[in-house]
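# Remarks on the overall topology
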Amino acid sequence: MTTLTKPGLRPANPNFSSGPCAKRPGWSAEALSKAALGRSHRAKIGKSKLEQAIELTRDILKVPAGYRIGIVPASDTGAVEMALWSLLGERGVDMVAWESFGSGWVTDVVKQLKLADVRKFEAGYGQLPDLKQIDFDRDVVFTWNGTTSGVRVPNGDFIPADRRGLTICDATSAAFAQRLDFDKLDVVTFSWQKVLGGEGAHGMLILSPRAVERLETYKPAWPLPKIFRLTSGGKLIEGIFKGETINTPSMLCVEDYLDALHWAKSIGGLEALIARADANAAVLDRFVAKSRWLGHLAVDPATRSNTSVCLSFTDPDIAALDADGQAAFAKGLVSALDKEGVAYDIGSYRDAPPGLRIWCGATVETADLEALLPWLDWAFAAQKASLKAAA
Ligand SMILES: Cc1ncc(COP(=O)(O)O)c(C=O)c1O
């Protein structure tokens, strides 16, 4: 039922943005009080914090011992670009994309790197491309969780263990909320401000032994700026994977990431983080199942994200509007919730179909999502009433 009466209860934390995401429960700036500020990141104290961030990441994500983990510049984008520019070109590449960020990597490889042998496997918002068409003897680039469509790969079963190419996976909105199958992944990237609610700035680059082997045996035909260079004299720069960052990191952001990792460990590690995201997504799923106006953008339930949940309008009057009309409707609804202080930043991504995108990652409290639901109905009813009044 939709109602114009405002619900009594408000989410204690209205932060449902898909990045930067809500800080962990109980976070305050006090968590940063032990940051190594005003000190060199290469001093013992700074270096040991960077190493700790790497080792806690390995521990919580269950990254296999032989894999390297590095902290790199320019957030997830930096990590992905480093991988694309350093590794691709040795063989043909299959680019797999089904939303805005994946499409961005396709553009880079086709229009910037201008690789000659590129095949594209693309699907529209809400769908996955046919993963059976991918040839894993070529290199493969894909996004584990499409943040702007709420569509993820269900697992790594589509990737053969005995592949000859490398798999390069942008996992920024999946890491710490979904099971990443590291045996099937040669490059995994993510940033700190997603599932753990850290701060934006730095990227994480995880390399399999096969990715390292490629780096040490293949030299791209194009020049690489210092910020992308992972090798020196044909050998991996091991220091990058021990906390000797290429350039200066923010020790404030590092401290915050450490705080998030300690919180993750304290609640039970990866399984607990996944369970929190699953429980959050289930709250929305139950709401959508009963809703007369909202539906999942992701068509196949097996591909529905438990972090960036994307929803579109199913109400016949709204669905009948053109894209601009739906976008205006969504904007009004989202801004009403924003004005009430009950939900911030829940509009769909600018390139995605009009609708809502509600972050369900581990730092979001289930009770806050539950408190948000009646407000969604309220905002829909209010927005529809003003649409009718204007007609
Ligand atoms: C799938 C995906 N890739 C890349 C990015 C860009 O990440 P960053 O801003 O950390 O570079 C995002 C940001 O939301 C994303 O969701």
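Now for a quick tour of the structure. No experiment lies behind these values; they were computed from the predicted model shown.

## Some words on the side chain of R214
Among the secondary structure elements, R214 is positioned in helix α4 (residues 209-217). Look at R214 and you get buried, because its relative accessible area is 6%. Here L87 takes part through its backbone oxygen, which lies 3.0 Å from a polar atom of the side chain of R214. Sequence-distant contacts of R214, that is, excluding residues within four places in its chain, are made with L87, E90, R91, D139 and L166.

## Some words on the site of the ligand
The immediate surroundings of the ligand are formed by S75, D76, T77, F101, T143, T147, D170, T172, S191, Q193 and K194. Backbone polar atom of D76 to an oxygen atom of the ligand: 3.1 Å apart, as the coordinates give it. Take T147: an N or O atom from its side chain is 2.4 Å from an oxygen atom of the ligand. Here the ligand has 390 Å² of accessible area as a free molecule, and 85% of this is covered by the chains. If one sorts the elements of the shell around the ligand by residue count, helix α2 (residues 75-87) sits on top with three residues. Of the residues belonging to the shell around the ligand, the class tally is one nonpolar, seven polar and three charged.

The rules behind each value
Residues numbered from 1 in each chain as written. Predicted model: local features only at pLDDT ≥ 70, side-chain atom pairs only at ≥ 80, totals over all residues. Heavy atoms only, no water. Helix = DSSP H or I, 4+ residues; strand = E, 2+ residues; numbered from the N terminus. Buried < 20%, exposed > 50% of the residue type's maximum accessible area, 1.4 Å probe, protein only. Polar contact = N/O pair within 3.5 Å; in protein donor to acceptor, adjacent residues only side chain to side chain. Contact = heavy atoms within 4.5 Å. Near = heavy atom within 4 Å. Areas by Shrake-Rupley, 256 points an atom, 1.4 Å probe, with all protein chains shown as cover. Nonpolar A, V, L, I, M, F, W, Y, C, P; charged D, E, K, R; others polar.

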